[in-house]
Amino acid sequence: MRKSFVVFFVILFLVLSLAAGSARRKPHLASARLSPAAIAAMQNINPERIRAHVRFLSDDLLEGRGTGQRGGDIAANYIATEFALAGLKPAGDGGTYLQKVPMVGVTALPETSFTLAPAKSQPMPLRLAEDYVVSNQAQQPSSDIDADIVFVGYGITAPEYNWDDYKGADLHGKVLLMLVNEPPSDDPKFFKGKALTYYGRWTYKYEEAARKGAVGAIIIHKTDMASYGWDVVRNSWSGEEAYLRSEGPKLAAASWIQLETARGLVSAAGMDLDRLMTDARSRDFRPVPLPVKLQAHIVSKIRPFDSNNVIGLLPGSDPKLKSQAVIYSAHYDHLGIVAGQSGDNIYNGALDNATGCGVLLEIARAFSLAKPRPARSILFASVTGEEKGLLGSEYLGKHPPIPASRIVLDLNYDDIPPLGAPEETEVTGAERTTFYSIVESTARDFRLTIRPDARPEAGHYYRSDHFSLARVGIPSFSINEGVKYKGHDSAWGMKQAEDYTAHHYHQPSDEYHSEMDFTGDAAMARFGFALGWKAATLREEIGWVKGDEFEPAREKSIAAGQN
Ligand SMILES: [Zn+2]
């Protein structure tokens, strides 16, 4: 008797001190608890149902769920049917579950030519694929460029870091030469130190150049700065690039060049590339016009096609708060069939991302069984075109069924390994939101240790669909397992992850096997269910931590929503 009293008081003390601790850290967010209704609904999540979805979605009959291909369309229809069976309301186009995403494929053809024409010396023709790669983001079958080249350092405008490489220079009609990555720093307050921010990604650089009115942008490839070799650039740019059809300003020449080619270009201008690269590390850097023109003839095959996002809505129970929503996302597309490849050429994408779809469908079913439902609405979006560059989610972010300012949180699932019961979770990016104290306390309740991002310099946060929603201001992150599983040490989990990356990731062998254990997928579904439920019932606003790179996007979207 006395012993159990002691235990009771020890537990009471621990609970109180934990509560006091989390209250001290984040006083503006009260810790949310799950209601009995939420817990009852959550218990419906079943690993064997996730298995059934994965087995079907990764079957050879679905032909690798290629974007805009038959197998991808079958997957979309399957998910829409499951949404209907769960009782979700259609939230796509014209009373359907499908939201059409217009895309276009652009392939640079061998007739394309690039010549550097210095003012004072002989023109230098470049070799496609060997010296440069190019894609016509303006989506034209033929474009000609004859324009001055201007070196713009890192090509970054980042007011929050007091950094502007452009300094108001008029760059209309110019071709901008720039460095990959971002100014190097160990200071976490300056471009997040060693971690990569979006400003370092090549996609940002092309977007910013287009906003400045440039016709072309050439990124100098330097292996150590890019963290991948020229062969990676050449291979990934030699086939078809896909874009959303006619969205915003686009470059006629989005290009990369080899480091040595860039050296030749800069020395033809009578300057030194190393010197320019050093100058670019300074806040005082200004654009440097080079007396060299780019004369380009860009010939492309243009292939318009459509695919669909699949969106369902579960209306909230509160008359006022139901106009706001939590969104769950998971891409259903994968790489399809690669024609002409011998042997197995179906890229089934069992892990990537039939698992995420299975998780999404089980979360949707569990929410639909809840009585009463949470106050805010819940949106479920299975998006297309992730493998083509986050295109489905980009379109969803730009055309959300509920205004972005009223979407309080996105929880995304991508590639959830079926390896058994996880003891860790990775929620990279959650720490950037004011929701993080709830993520921490919920993880504790689920006996999950939060595993920090092992390689922040790789910028994984910018490579999955939650990022598309973060860009329009919605607090967003992905939920996944860490590497520690019940009955195994971390080294085992690490080995599984390495084996998958080396032998199965984006390979035809990412296939379903009956010995897969979906316990972990169900655990991640329940964890995400709990987080989403809390976000859907919380009184406080969820936002970005002060000074985060997505805070201005949120402010902008809220201001637009109030007009
Ligand atoms: Zn994926």
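Residues numbered from 1 in each chain as written. Predicted model: local features only at pLDDT ≥ 70, side-chain atom pairs only at ≥ 80, totals over all residues. Heavy atoms only, no water.

### Points about the pattern of salt bridges
Here is step 1: This structure, assessed with the given rule, holds 25 salt bridges.
Here is step 2: Note that glutamate 207 is salt-bridged to arginine 471, the shortest N-O span being 2.7 Å. Note that glutamate 207 is positioned in helix 5 (residues 202–211) and arginine 471 in helix 13 (residues 466–471), a separation of 264 residues in sequence.
Here is step 3: Among the salt bridges present, the one from aspartate 548 reaches arginine 432, with a minimum N-O distance of 2.9 Å. Of the two residues, aspartate 548 is situated in the loop between helix 15 (519–537) and helix 16 (551–562) and arginine 432 in the loop between strand 19 (424–426) and helix 12 (436–445); the sequence distance between them amounts to 116 residues. Accessibility classification places aspartate 548 together with arginine 432 in one group, the buried group.
Here is step 4: The structure contains a network of salt bridges with shared partners spanning Lys192, Arg432, Asp548 and Glu549. (Salt bridge = Lys/Arg side-chain N within 4 Å of Asp/Glu carboxyl O. Helix = DSSP H or I, 4+ residues; strand = E, 2+ residues; numbered from the N terminus. Buried < 20%, exposed > 50% of the residue type's maximum accessible area, 1.4 Å probe, protein only.)

### Comments concerning the nonpolar core
Here is step 1: Within the largest apolar cluster, 73 residues are counted, with the highest numbers of intra-cluster contacts made by Leu177 and Trp256.
Here is step 2: For this core, the element with the highest residue contribution is strand 13 (residues 288–314), accounting for 6 residues.
Here is step 3: If we ignore the near neighbours within four places in the chain, the residues touching leucine 177 are Ile149, Val150, Phe151, Val152, Gly153, Ile218, Ile220, Ile257, Leu265, Val266 and Leu290. (Core = buried A, V, L, I, M, F, W, Y, C linked by side-chain atoms within 4.5 Å. Contact = heavy atoms within 4.5 Å.)

### Some details on the sheet that holds strand 22 (residues 480–481)
Here is step 1: With respect to topology, 3 strands assemble into an open sheet ordered 20-19-22, the strand pairing being mixed. Since the sheet does not close on itself, it has two edges, and those belong to strand 20 (449–450) and strand 22, each with one partner.
Here is step 2: Bridge count between strand 19 and strand 20: 2 bridges; the pairing is parallel. Its bridge partner being in strand 20, threonine 425 is matched across the sheet by isoleucine 450. (Pairing = 2+ DSSP bridges.)

### Section: helix 5
Here is step 1: Of the positions making up helix 5, those classed as buried are Tyr204, Lys205, Tyr206, Glu208, Ala209 and Ala210.
Here is step 2: Where helix 5 is buried, its residues contact strand 7 (157–158), strand 9 (175–179), strand 10 (216–221) and strand 12 (253–258).
Here is step 3: With its phi angle positive at about 90°, glycine 213 sits one or two positions after the end of helix 5.

### A word on the coordination of the zinc ion
Ideal geometry at a metal gives 109.5 degrees between four tetrahedral donors and either 90 or 180 degrees between six octahedral ones.
Here is step 1: The zinc ion binds to the protein through His331 (NE2), Asp352 (OD), Asp414 (OD) and Asp414 (OD); the donor distances cover 2.0 to 2.7 Å.
Here is step 2: Every donor counted, the 4 donor atoms about the zinc ion form angles of 53 to 153° at the centre, which fits irregular coordination.
Here is step 3: Site description for the zinc ion: donor spacing in sequence, H-x20-D-x61-D. With histidine 331 in strand 14 (residues 325–331) and aspartate 352 in helix 10 (residues 350–368), this pair connects stretches of sequence that are 21 residues apart. You'll find histidine 331 and aspartate 352 in the same group, each marked buried. (Donors = N, O, S within 2.8 Å, 3.2 Å for Na, K, Ca; no water. Tetrahedral: all angles 85-135°; square planar, octahedral: opposite > 155°, others 65-115°.)

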